[in-house]
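# Coordinate inspection notes
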Amino acid sequence: MVSTIPHHIEGKDVPADDGRYLDNVNPWTQEVTATLARGSVADVNAAVEAARRAFDEGPWPRWSEAERSAALHRLADLVNANADVLAAAEAGDMGRPVQSARSIDIPRAADMFRFFGDHAALATGETYPSGADHDAYVAYRPAGVVAAITPWNHPLMLGAWKIAAPLAWGNTVVMKPAESSPTSAYLLAGLAIEAGIPRGVLNVVQGLGSEAGQALTDSAGVDRITFTGSTATGRRVAQAAAGNLVPVTLELGGKGSSIIAPDADIELAADLVSRAVFNNTGQVCLAGTRVLVHEDIRDEFTSRLVARAGAWSIGDPFADGTTLGPLASAEQHRRVRSYYDRVEAEGGAVLCGGPGEGNVFAPTVVSGIDPKGTVAQEEVFGPVATIIGYEGDDQAVTLANDTAYGLTSVLITDSVARIRRMVPRLRSGTVWVNCYQVRDLRAPMGGRGASGIGREGGTFSREFFTEPQAVFIA
Ligand code: NDP
């Protein structure tokens, strides 16, 4: 049965203004399961105006931080209570295995609402002692209407990450999910109403990036843009933001390295790299796909990684026991396939994995690839590990930094001296040492170079989503 996903504007389901709809395709069955509103400039304007009214006239920015935090906690409770339906939305839209969405993405999304609610409610501010004549302090005023544009790879988790902080700080939001993963954002907007978040505070416009997304970033009614997506789109978003002089954060692509030092625990290294490259079928910006392995341990590490690659259970995202779903769309499959087809020409050998039926792509290990070639340099966004040998720490750092991106690095070593020497030289927003994908919502998240501009998380989010005001009282 094909259902329809409308926009959510001012607390109501709203059809596409011009009556146009897009197909939502299940990447496993490749069947159309729903249609979604194809947002137009008129739809975007209606959502921005609703958010503006809710900001200028509604109660949300005037509630205390504690009241907003309580509402965000109620939303978190509802997210967890509806985990099954939200997990099914992710599985049906982009192929995330239900059990992974249920155990990881959904509870993490709920945690983000709790964390940012508490963070705003418990934050302290600066005062400046200025003699007997004046009191001086900083107040963090909400910035206004926030445009939040999200990708399809972890729709709800990354959606919550984009909107929890601005909501906690008293802003109103217009969210534009990726056109291939519309369902969980729509469900979330309904849950926000159920949680008692006033109408117009969280609006969702569906549709194409080139239409609805572009109209939203072009809108003169928006005060902040928070974007997660590809580097190419990020450049367009930055240009649109420049037109209206709107502050923007860009969380863009990555091409992370996993460095395996000669003293590394090889078992741990194989486990971490398998997760860092293959989880979510490699569709993770934080993936550590450039696997730099010291020549002394290269053969042993490679055979253990190949064994782990084969241990993932690929299948129907709705089936019990599936640990990897298909790639999220036929377009995504074509893209990953095009890199796979270049492996040999770029000097590499495929040791395992590759394309399967439909949108399936099995965990792939490639050895001997040219570190300057496209497969080792560009974001594949699929389950492809490229193993590159090195002989000394300096060479490892040079290879790790030899990409346009700068989002994450993984370093696996037992040597404290090596950690202290190498970490400061790694050009990336996050470094994980002997671990992978550990997150702390207080920590800055973001990247350098082609991985983006700005940081979010904890006080970094407060700086971005508020207008700090200096107040002097005689
Ligand atoms: P895209 O850049 O294609 O899309 C991201 C979002 O932007 C989608 O909602 C898209 O809509 C929208 N969009 C597209 N064109 C425009 C436009 N002209 N103006 C405004 N919005 C637009 O990225 P993907 O969805 O393909 O996501 C994968 C990318 O996201 C990867 O590069 C990945 O590394 C990155 N990413 C980065 C993360 C980080 O924290 N650094 C985390 C997760 C992913 P539509 O889909 O409808 O076209």
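These remarks concern the structure in this document.

About the criteria used
- Residues numbered from 1 in each chain as written.
- Predicted model: local features only at pLDDT ≥ 70, side-chain atom pairs only at ≥ 80, totals over all residues.
- Heavy atoms only, no water.
- Axes fitted to C-alpha atoms, helices over the stretch in contact; angles between N-to-C directions.
- Helix = DSSP H or I, 4+ residues; strand = E, 2+ residues; numbered from the N terminus.
- Contact = heavy atoms within 4.5 Å.
- Nonpolar A, V, L, I, M, F, W, Y, C, P; charged D, E, K, R; others polar.
- Pairing = 2+ DSSP bridges.
- Salt bridge = Lys/Arg side-chain N within 4 Å of Asp/Glu carboxyl O.
- Buried < 20%, exposed > 50% of the residue type's maximum accessible area, 1.4 Å probe, protein only.
- Phe/Tyr/Trp six-rings, centres within 6.5 Å; stacked < 30°, edge-to-face > 60°.

### Focus: the packing of helix α7 (residues 209–218) against helix α8 (residues 231–244)
- Their axes nearest at 8 Å, the elements α7 and α8 cross at an angle of 30°. Touching Gln-214, Thr-217 and Asp-218 of α7 are Arg-236, Val-237, Ala-240, Ala-241 and Asn-244, all from α8.
- In the contact of α7 with α8, the residues fall into 3 nonpolar, 3 polar and 2 charged.

### Digging into the sheet that holds strand β15 (residues 361–367)
- The 7 strands lie next to each other as β14-β15-β16-β13-β12-β18-β19, forming an open sheet whose pairing is mixed. Two strands lie at the open edges of the sheet, namely β14 (349–355) and β19 (430–433), each paired on one side alone. Between one strand axis and the next, the sheet turns through 15° on average, direction left out of account.
- Where β15 lies against strand β16 (residues 384–390), 4 bridges are found, and the strand directions are parallel. Bridge pairing links Val-365 to Ala-385 in β16.
- Across the sheet, helix α9 (residues 266–278) touches β12 (257–260), β13 (290–294), β15, β16 and β18 (408–412), and the angle it forms with β16 is around 135°.

### So, the environment of Ile-387
- Mapping Ile-387 onto the fold places it in strand β16.
- Every residue in contact with Ile-387, bar those within four places of it in the chain, is listed here: Val-291, Val-293, Arg-298, Phe-301, Thr-302, Leu-305, Val-365, Val-366, Ser-367, Gly-368 and Ile-369.

### Let's talk about the pattern of salt bridges
- Overall, the coordinates contain 26 salt bridges when judged by the stated rule.
- Ionic pairing is found between Arg-38 and Glu-211, a salt bridge with its closest N-O pair at 2.6 Å. Placement of the pair is Arg-38 in the loop between β5 (32–37) and α1 (41–56) and Glu-211 in helix α7, with a sequence separation of 173 residues.
- Here Glu-211 falls in the partly exposed class, since its relative accessible area comes to 24%.
- Between Arg-298 and Glu-295 there is a salt bridge, with its nearest N and O atoms 3.3 Å apart.

### With respect to the side chain of His-154
- For His-154, the location among the structural elements is in the loop between β7 (145–149) and α5 (155–168).
- Those residues in contact with His-154 that sit more than four places away from it in its chain are Glu-90, Arg-96, Asp-105, Gly-159, Asn-280, Gln-283 and Val-284.

### Regarding the packing of aromatic side chains
- Scanning the entire structure with this criterion turns up 7 aromatic pairs.
- Plain terms: the ring middles of Trp-152 and Phe-381 are 5.5 Å apart, the flat faces sit at 80° to each other, and that makes the pair edge-to-face. Placement of Trp-152 in the loop between β7 and α5 and of Phe-381 in the loop between α12 (374–377) and β16 is noted, with a sequence separation of 229 residues between them.
- Taking relative accessible area as the criterion, Trp-152 reaches 19% and is therefore assigned buried.
- The exposure class of Phe-381 is buried, given its relative accessible area of 14%.
- With centroids separated by 5.6 Å and ring planes inclined at 85°, the aromatic side chains of Tyr-340 and Phe-361 adopt a geometry described as edge-to-face. In this pair, Tyr-340 sits in helix α11 (residues 330–340) while Phe-361 sits in strand β15, placing the two residues 21 residues apart along the sequence.
- Exposure remark for Tyr-340: the relative accessible area of 21% places this residue in the partly exposed category.
- According to the relative accessible area criterion, Phe-361 is buried, its value standing at 1%.

From the geometry alone we can't say anything about function, so treat these as descriptive.
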